[in-house]
Structure formats: C-alpha cells, structure tokens
Amino acid sequence: MAQEELPGVLILDIGGTHGVLEDLAALLKKHFHLITMEEFLGNKEEMSKKIQSVFVFEGRPTIDRELLESLPNLKVIGNSGVGVDHLDLKMISSFGVKVTNTPHAVADPTADIGMALMLASARRLVEGNVLNFIGPCYFFGIPRFCCDRDGPSESIFGLVLQEKISEALTFRGIYFHVSLLFRARV
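- An unreviewed UniProt entry lists the protein chain under the name HPPR reductase, with Anthoscopus minutus given as the organism.

### What about the confidence of the model for the protein chain?
Logical step 1: Across the protein chain, the average pLDDT comes to 81, with 75% of residues at 70 or higher.
Logical step 2: Low pLDDT, under 50, characterises residues 144-149; the stretch is placed with 11 contacts to residues that sit more than four places away or in other chains.

### Re the pattern of salt bridges
Logical step 1: Here the structure, examined in full by the defined rule, presents 1 salt bridge.
Logical step 2: Here Lys 50 and Glu 46 are joined by a salt bridge, their closest N and O atoms 3.2 Å apart. In this pair, Lys 50 and Glu 46 are both assigned in helix α3 (residues 44-50), 4 residues apart and thus about one turn of the helix distant.
Logical step 3: What makes Lys 50 partly exposed here is its relative accessible area of 35%.

### Let's talk about the pairing of strand β1 (residues 8-11)
Logical step 1: Side chains Gly 8 and Leu 10 of β1 all project onto a buried face; the interleaved residues Val 9 and Ile 11 project onto the opposite face, where all are buried too.
Logical step 2: Bridging between β1 and strand β2 (residues 33-36) involves 4 bridges; their strand directions are parallel. Across the sheet, Gly 8 pairs through a bridge with His 33, a residue of β2.
Logical step 3: At this point the chain moves from β1, through helix α1 (residues 22-29), to the parallel β2, and the crossover so formed is right-handed.
Logical step 4: Where β1 lies against strand β3 (residues 51-56), 3 bridges are found, and the strand directions are parallel. By the bridge assignment, Val 9 is partnered in β3 with Ser 53.

Rules used throughout
Residues numbered from 1 in each chain as written. Predicted model: local features only at pLDDT ≥ 70, side-chain atom pairs only at ≥ 80, totals over all residues. Heavy atoms only, no water. pLDDT = per-residue confidence, 0-100. Contact = heavy atoms within 4.5 Å. Salt bridge = Lys/Arg side-chain N within 4 Å of Asp/Glu carboxyl O. Helix = DSSP H or I, 4+ residues; strand = E, 2+ residues; numbered from the N terminus. Buried < 20%, exposed > 50% of the residue type's maximum accessible area, 1.4 Å probe, protein only. Pairing = 2+ DSSP bridges. Right-handed = clockwise from strand over helix to strand, strands pointing away.

This is the structure:
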C-alpha cells in the first residue's frame with residue numbers, strides 16, 4: 001500500500017520530549033501516514049483533508065474546538081492511556097468523532113507501583129535508605145526504620161482510581177493484610 005493511500009494520523013511529533021516514542025511511531029507507520037503537528041500547521045489546507053485520526057500520546061496534541069473544526073475528515077481520536085479526563089468528550093462527540101483509549105493496558109504495572117509506594121511509605125524505606133549512606137555512627141538514638149509497628153498490615157487505604165487498577169491493587173493488598181477501599185472513577 002502506497003504512503004498516499006494510508007489514512008492520515010495527526011501526532012504532535014516523533015521522539016523528543018513530548019513526541020510519540022520512535023518505536024511506537026515505526027509501528028504506526030505500518031498502518032498510517034503520520035503527520036506531525038508542525039507539518040499540519042505548515043500546510044493546513046492540504047493536510048486537513050488527509051487526517052482521519054489523531055493519536056494522543058501523553059495528553060498531546062491538545063484537542064480543542066479549533067483543531068476539530070480544521071479536520072473535516074476526522075473520524076477517531078486514539079488516546080494512548082487509561083484516562084480521558086483531558087478530553088472534552090461532549091465537544092468531540094458533537095463533531096461525530098469517536099474516542100478510544102486503553103483502559104486495561106497499564107492496570108497491573110500501575111498497581112505494582114502503587115503497592116510499592118504504599119509499602120515504602122508505611123515502612124519509611126526512603127528515610128532508611130538515606131541513613132544507609134550517612135553511615136553507622138548516625139544510627140544511635142534514631143528509631144529503627146522498616147521494623148516499627150506502623151507497617152501496612154491491617155491498615156486501611158482509601159483510593160480513587162480507575163476500576164481495573166483498583167482491582168489489581170486490592171488483589172496485591174491481600175498478601176499484605178491491607179484493606180483497600182476504592183471508588184472507581186466514572
């Protein structure tokens with residue numbers, strides 16, 4: 001399939017600080033003609049006709065009314081993350097554009113990090129690690145870290161997270177005898 005025949009996808013950039021990761025861009029190029037925001041702004045009239053999708057990576061590019069009005073053939077906005085809080089869904093749907101996201105893709109890694117942060121906080125691991133570098137002479141008179149009774153066991157944590165992440169965190173909490181109360185965001 002020739003490059004001209006592939007559907008156009010607007011992205012902020014490839015690589016750099018805020019662009020789509022180069023490996024991901026290579027994958028996207030197999031199925032789409034990638035158009036960077038710079039290319040789009042440099043030739044709006046021609047490029048706007050080619051763009052059928054916008055790929056939002058780490059909240060960029062910003063989707064606003066002006067952008068939607070300038071893309072007459074836009075069909076879908078693909079968001080590369082769990083949440084869509086940064087998108088005005090009512091405004092987007094008023095243009096007849098669909099929005100996709102990946103709600104379960106990062107639930108387990110996010111739950112792992114969440115559990116690690118809760119355990120590190122309860123056991124004061126960061127403070128204990130700092131003492132490792134200060135040296136043994138500073139340990140006298142300092143409460144023992146990582147061994148005090150204020151650990152996570154039989155603690156209750158309250159969370160407001162995406163449902164799949166909350167479920168994964170709750171599952172991990174069972175092994176530490178931690179109760180996790182959560183309310184899934186809607």
